[in-house]
Amino acid sequence: MPAQAYRGKECICQFRRGLCDQTCVQGMLETPFYIACLKLTGRRCLVVGGGDVGLEKVEGLLACDGEVTLVSPEAIPALQALAEEGSIRWERREYRRSDLERTFIAIAATGDTDVNISVWEHAEERAMLVNVVDVPPLCNFILPAIVRTGPLAIAISTAGASPALAKRIKAEIAEEYGEPYARLAEILNEVRGWAKGTLPTYQDRKLFFESIVGGDPDPIELLRTGDEAAVGELVQRAQCEAEARLESSAALA
């Protein structure tokens, strides 16, 4: 739940107010988050907490090829199965400060406030990425809702203000931007090598790809109707036009 939902309940953040008075979330909506996509392949990722939320975070990290270590005395059956098949490493014990060694990213997903705060404090000391689930003040990064289709990933964030709104937006975006967009991304990737090897400047390459994406006929509509051959023809025409521009520029030089 968003931090706002804790008002009047037991404080679970670093300020230890007793009852939550929302001190920790003041200014959160004004925080300018730097949006980035992280490459997790081959990187150690730590999840502390073996419940349903821990499972959600583990699955998200595995989907991005992270090397996941789970630290928790107990774990739900789905996490146990991932450990038994070798997809994750499970340390069946309480969290230790040393668990953060050689770790790229840490996520705390326990029901123990003291443990969550410790993970955050120890990670902050190391200037590493850390997220305490559902407690925005104990995060130096937040996890947006993701629409993922093939190579296409679209992130939606409300800065922690309303996961429900982010969920609605995610559903609407998934319906609008689906398989045709993902397939076009794959087709464009297939000609990146040609573009880098043939077109000498960034502006040349930009014009080439924009002529395809904004082409006539619309490549997205062609893919929606299953006419991938026509998209191939659109790409070939763009290549011919780009080469013609290069020849014309060379003749004028």
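Since this is a predicted model, take the numbers as computed values, not measurements.

**Side note on the confidence of the model for the chain**
Summing up the model confidence of the chain, the mean pLDDT is 89 and the portion of residues at 70 or higher is 88%. Of the regions scoring below 50 in pLDDT, residues 1–5 engages in 12 contacts with residues more than four places distant in sequence or in other chains.

**Observations concerning the pairing of strand S5 (residues 129–132)**
Residues in a regular strand project their side chains so that they alternate between the two faces of the sheet. With four bridges joining them, strand S4 (residues 105–108) and S5 adopt parallel strand pairing. Within S5, the residue paired with Ala108 across the bridge is Val132. A crossover links S4 with its parallel partner S5, the connecting element being helix H3 (residues 113–125), and its sense is right-handed.

**Some words on the pattern of salt bridges**
Counted according to the given criterion, the structure contains 11 salt bridges. In this structure, Glu56 engages Lys57 in a salt bridge whose closest nitrogen and oxygen atoms are separated by 3.6 Å. The class of Lys57 is buried, set by a relative accessible area of 16%. The salt bridge involving Glu101 is made with Arg102; its shortest N-O contact spans 3.8 Å. In this structure Glu101 comes out as partly exposed when scored by relative accessible area, which is 36%. Shared partners join several salt bridges into a network, and the residues in it are Arg89, Glu91, Arg93 and Asp99.

**Comments concerning the side chain of Thr69**
By secondary structure assignment, the location of Thr69 is in strand S2 (residues 67–71). Here Arg44 takes part through its side chain, which lies 3.0 Å from a polar atom of the side chain of Thr69. Leaving out residues up to four positions away in the same chain, Thr69 has contacts with Arg44, Cys45, Leu46, Val47, Arg89 and Glu91.

**Concerning the packing of helix H5 (residues 179–190) against helix H9 (residues 228–252)**
The description of two helices packed together rests on the angle between their axes and the distance between the axes. At a closest axis distance of 12 Å, the pairing of H5 and H9 adopts a crossing angle of 40°. As summarised for this structure, H5 and H9 are arranged oblique, according to the angle between their axes. H9 is crossed by H5, and the crossing has right-handed handedness. Here H5 contributes Arg183, Leu184 and Ile187 to the contact with H9, which in turn contributes Glu228, Val231 and Val235.

**Here's the deal with the packing of helix H7 (residues 202–213) against H9**
At a closest axis distance of 9 Å, the pairing of H7 and H9 adopts a crossing angle of 150°. Taken together, the axes of H7 and H9 are roughly antiparallel relative to one another. Pair H7 / H9 crosses with right-handed handedness. Contacts between H7 and H9 involve Asp204, Leu207, Phe208, Ser211 and Ile212 from the first element and Leu234, Val235, Ala238, Gln239, Ala242, Arg245 and Leu246 from the second. For the contact of H7 with H9, a count of residues per class yields eight nonpolar, two polar and two charged.

**Remarks on the sheet that holds S5**
Strand order in this open sheet of five strands is S3-S2-S1-S4-S5, and the pairing throughout is parallel. The open sheet is flanked by strand S3 (89–91) and S5, the only strands paired with a single partner. Averaged over all adjacent pairs, the angle separating strand axes in this sheet is 15°, with direction ignored. Along the sheet, H3 makes contact with strand S1 (44–48), S4 and S5, crossing S5 at roughly 165°.

**Details of the packing of aromatic side chains**
Each aromatic ring pair is characterised by the separation of its centres together with the angle its planes make. This structure, assessed with the given rule, holds three aromatic pairs. Plain terms: the ring middles of Tyr177 and Tyr181 are 4.8 Å apart, the flat faces sit at 65° to each other, and that makes the pair edge-to-face. The class of Tyr177 is partly exposed, set by a relative accessible area of 34%. Judged by centre distance (4.9 Å) and plane angle (65°), the ring pair of Phe208 and Phe209 falls under edge-to-face. Among the residues examined, Phe208 registers a relative accessible area of 0% and is labelled buried. Aromatic ring contacts, followed pair by pair, group Trp194, Phe208 and Phe209 into a single cluster. Above the ring of Phe104, the side-chain terminus of Arg43 is found at 4.4 Å from the ring centroid.

What counts and what doesn't
- Residues numbered from 1 in each chain as written.
- Predicted model: local features only at pLDDT ≥ 70, side-chain atom pairs only at ≥ 80, totals over all residues.
- Heavy atoms only, no water.
- pLDDT = per-residue confidence, 0-100.
- Contact = heavy atoms within 4.5 Å.
- Pairing = 2+ DSSP bridges.
- Helix = DSSP H or I, 4+ residues; strand = E, 2+ residues; numbered from the N terminus.
- Right-handed = clockwise from strand over helix to strand, strands pointing away.
- Salt bridge = Lys/Arg side-chain N within 4 Å of Asp/Glu carboxyl O.
- Buried < 20%, exposed > 50% of the residue type's maximum accessible area, 1.4 Å probe, protein only.
- Polar contact = N/O pair within 3.5 Å; in protein donor to acceptor, adjacent residues only side chain to side chain.
- Axes fitted to C-alpha atoms, helices over the stretch in contact; angles between N-to-C directions.
- Parallel < 35°, antiparallel > 145°, perpendicular 65-115°, else oblique.
- Left-handed = near helix turned anticlockwise from the far one by under 90°.
- Nonpolar A, V, L, I, M, F, W, Y, C, P; charged D, E, K, R; others polar.
- Phe/Tyr/Trp six-rings, centres within 6.5 Å; stacked < 30°, edge-to-face > 60°.
- Lys NZ or Arg CZ within 6 Å of the ring centre and 35° of its normal.

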